[in-house]
Amino acid sequence: MGTQGTQGTRGTQEPDERTGGTGRRALLGAAVLGGGAVLGLSGTARAADTRHGGGRGGHGGLEGLPVPTVIGHRGASGYRPEHTLGSYELALDMGADIVEAGDLVPTRDGHLVCRHEPEIGGTTDVADHPEFADRRRTKLLDGVSTTGWFTEDFTLAELKTLRATERIPANRPHNTLYDGRWEIPTFEEVLRWQDEQTRRRGKQVWIYPELKHPTYFRKLGLGTEERLARLLRKHGKDRKNSPVIVQSFEPTSIQRMNRLVGNPLAVLLSGAKSRPWDFVETGDPRTVADLITPAGLKEIASYAQGIGPTLDLIIPKDAAGRLTEPTTLVRDAHRAGLILHPYTMRNENPFLPADFRRGSDPDAYGDAFGAFRTYFATGIDGVFTDNPDTGVLAREDFVNR
């Protein structure tokens, strides 16, 4: 996941992303609720139901996933440079139920690759390549002036000469050990990797790609929804029970995907006062606050099966960064038939609510288990986390408490 224009940031150092619709919504809802569970039960009841065999397993559907579902955010990005095959594979090794592979952006020649943002100066060694010095640009990306190197200015062959680096070395200096080890994967390579990992592990591997800045790219003549749909169809992964959930911060992008494929779909939601960039471009005055009303959620449920809200929409923070009282979003979304996979849980102090920080070292871990427990108790259906191993242990604690 990543930045949705000026609407919030998923994973940076800044504060904090028609046919078959009903059937897909029912499938995904039953999945994360553990098969026979009922919408509106407490988080404990739903989690326990899955743990005791409520999930229906099988060859296709999400029904076999545990609740709360642990989603590896850009892989295991707490331990490896994000959106690399090394990060994705480590997430599986750590027990992630789904891997967010990846944030999808296009190359100049139309290939979809996995990067946090189209600007790659912060996630690759492109600045060390003198042959690309003249590619540095300043562009308006979803209304924000952004300077750097952009995937749409490179061919795939050129991007393959680069190597991935740690995006937030101030918080994760240990990850810099792996700088330069992995190249930028294409999404087609990820689809093949998914099949290989499924065979190796003897169980279905699930992925959760995100369409990044689709309006921006469509205006450049690089529409990403159609490219993604073609790849999913090519690999036979475009159906309601396919092991690929598609997400975007732009509701109209998810509506477009709803017309193109049968996959489960999720709308990402940033801060309550923000506006999705496609709304800005089309003059739609609604904010995220409008989308999370019962009426807004009902509309989302007409074309998507889930939402990915920022954790602050689940439990707001006060001016000191401490958690306050939970909102009604979990209840309201469940009543609309939607599941909730909020973002993003991280172990390091700067990313935790103030209640759970321990000391002031930005690289030190706080009480991540306490934070996981607090969010799980709201009844969320899963969570994106940079630390899948912590999430798996926290879930075990939660369902056994």
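Attention in this report is confined to the structure presented alongside it. (Residues numbered from 1 in each chain as written. Predicted model: local features only at pLDDT ≥ 70, side-chain atom pairs only at ≥ 80, totals over all residues. Heavy atoms only, no water.)

1. A short note on the pairing of strand 13 (residues 382-385)
A regular strand places its side chains so that they alternate between the two faces of the sheet.
Argument step 1. Side chains Gly-382 and Phe-384 of strand 13 all project onto a buried face; the interleaved residues Val-383 and Thr-385 project onto the opposite face, where all are buried too.
Argument step 2. As paired strands, strand 1 (residues 69-72) and strand 13 are joined by four bridges and run parallel to one another. Among the inter-strand pairings, Thr-69 is bridged to a residue of strand 13, identified as Gly-382. (Buried < 20%, exposed > 50% of the residue type's maximum accessible area, 1.4 Å probe, protein only. Helix = DSSP H or I, 4+ residues; strand = E, 2+ residues; numbered from the N terminus. Pairing = 2+ DSSP bridges.)

2. Topic: the nonpolar core
The tendency in soluble globular proteins is for nonpolar side chains to be buried side by side.
Argument step 1. Ranked by internal contacts, the top residues of the largest apolar core, which has 65 residues, are Phe-187, Leu-228 and Ile-307.
Argument step 2. The residues contacting Phe-187, other than those within four sequence positions of it, are Ala-101, Gly-102, Leu-104, Leu-112, Val-113, Cys-114, Ile-207, Pro-209, Leu-228, Leu-231 and Leu-232.
Argument step 3. Counting 16 residues, the second largest nonpolar core, distinct from the first, contains Val-105, Leu-162, Ile-184 and Phe-217. (Core = buried A, V, L, I, M, F, W, Y, C linked by side-chain atoms within 4.5 Å. Contact = heavy atoms within 4.5 Å.)

3. Description of the sheet that holds strand 9 (residues 246-248)
Argument step 1. Strands sit in the order 4-3-8-9-10-11-12 across an open sheet of seven strands; the sheet is mixed. Strand pairing shows two members of the sheet lacking a second neighbour, strand 4 (112-114) and strand 12 (339-340), which therefore form its edges.
Argument step 2. As paired elements, strand 3 (residues 103-106) and strand 4 share three bridges and run antiparallel to each other. Residue pairing for strand 4: Val-105 is matched across the bridge by Val-113.
Argument step 3. Running at roughly 175° to strand 10 (residues 265-269), helix 8 (residues 251-260) makes contact with strand 8 (210-211), strand 9 and strand 10 of the sheet. (Axes fitted to C-alpha atoms, helices over the stretch in contact; angles between N-to-C directions.)

4. Quick notes on the sheet that holds strand 2 (residues 98-99)
Argument step 1. Strand order across the open sheet formed by four strands is 7-2-1-13, with parallel pairing between neighbours. Looking at which strands have only one partner, the edges of the open sheet turn out to be strand 7 (206-207) and strand 13.
Argument step 2. Of the strand pairs in this sheet, strand 1 and strand 2 are connected by two bridges, and their pairing is parallel. The residue of strand 2 that forms the bridge with Ile-71 is Ile-98.

5. So, the packing of aromatic side chains
Argument step 1. Under the criterion given, the structure shown has eight aromatic pairs.
Argument step 2. Relative to Phe-217, the ring of Tyr-216 has its centre 5.0 Å away and its plane inclined at 75°; by these criteria the two rings are edge-to-face.
Argument step 3. Here Phe-217 falls in the buried class, since its relative accessible area comes to 0%.
Argument step 4. Ring geometry for Phe-372 versus Phe-376: centroids 5.6 Å apart, planes at 45°, classification tilted. Pair noted here: Phe-372 and Phe-376 are both in helix 14 (residues 368-376), with a separation of four residues, about one helical turn.
Argument step 5. Judged by its relative accessible area of 1%, Phe-372 falls in the buried class. (Phe/Tyr/Trp six-rings, centres within 6.5 Å; stacked < 30°, edge-to-face > 60°.)

6. Comments concerning the packing of helix 7 (residues 224-234) against helix 8
Axis angle and axis distance: for two packed helices, these are the angle between their axes and the distance between the axes, and together they describe the pair.
Argument step 1. Direction vectors running N to C along helix 7 and helix 8 enclose 35°, while the axes themselves pass 10 Å from each other. The crossing of helix 7 and helix 8 is right-handed. Counting all contacts with helix 7, which are made through Glu-225, Glu-226, Leu-228, Ala-229 and Arg-233, the residues of helix 8 involved are Ser-253, Arg-256, Met-257 and Leu-260.
Argument step 2. Of the residues assigned to the contact of helix 7 with helix 8, the class counts are four nonpolar, one polar and four charged. (Left-handed = near helix turned anticlockwise from the far one by under 90°. Nonpolar A, V, L, I, M, F, W, Y, C, P; charged D, E, K, R; others polar.)

7. Considering unusual backbone geometry
Argument step 1. The omega torsion across Val-67 and Pro-68 is 0°, close enough to zero to call that bond cis.
Argument step 2. As for its placement among the helices and strands, Pro-68 is situated in the loop between helix 2 (43-54) and strand 1.
Argument step 3. Across the junction of Ala-101 and Gly-102, the peptide omega takes the value 0°, indicating a cis bond.
Argument step 4. One can find Gly-102 in the loop between strand 2 and strand 3.
Argument step 5. If you check the backbone angles, Arg-74 has positive phi at about 55° while not being a glycine.
Argument step 6. Within the element layout of this structure, Arg-74 appears in the loop between strand 1 and helix 3 (85-93).
Argument step 7. Non-glycine residue Asp-142 carries a positive phi angle of around 50°.
Argument step 8. Relative to the assigned elements, Asp-142 resides in the loop between strand 5 (137-141) and strand 6 (144-148).
Argument step 9. Looking at Asp-142, the relative accessible area reads 3%, which means it is buried.

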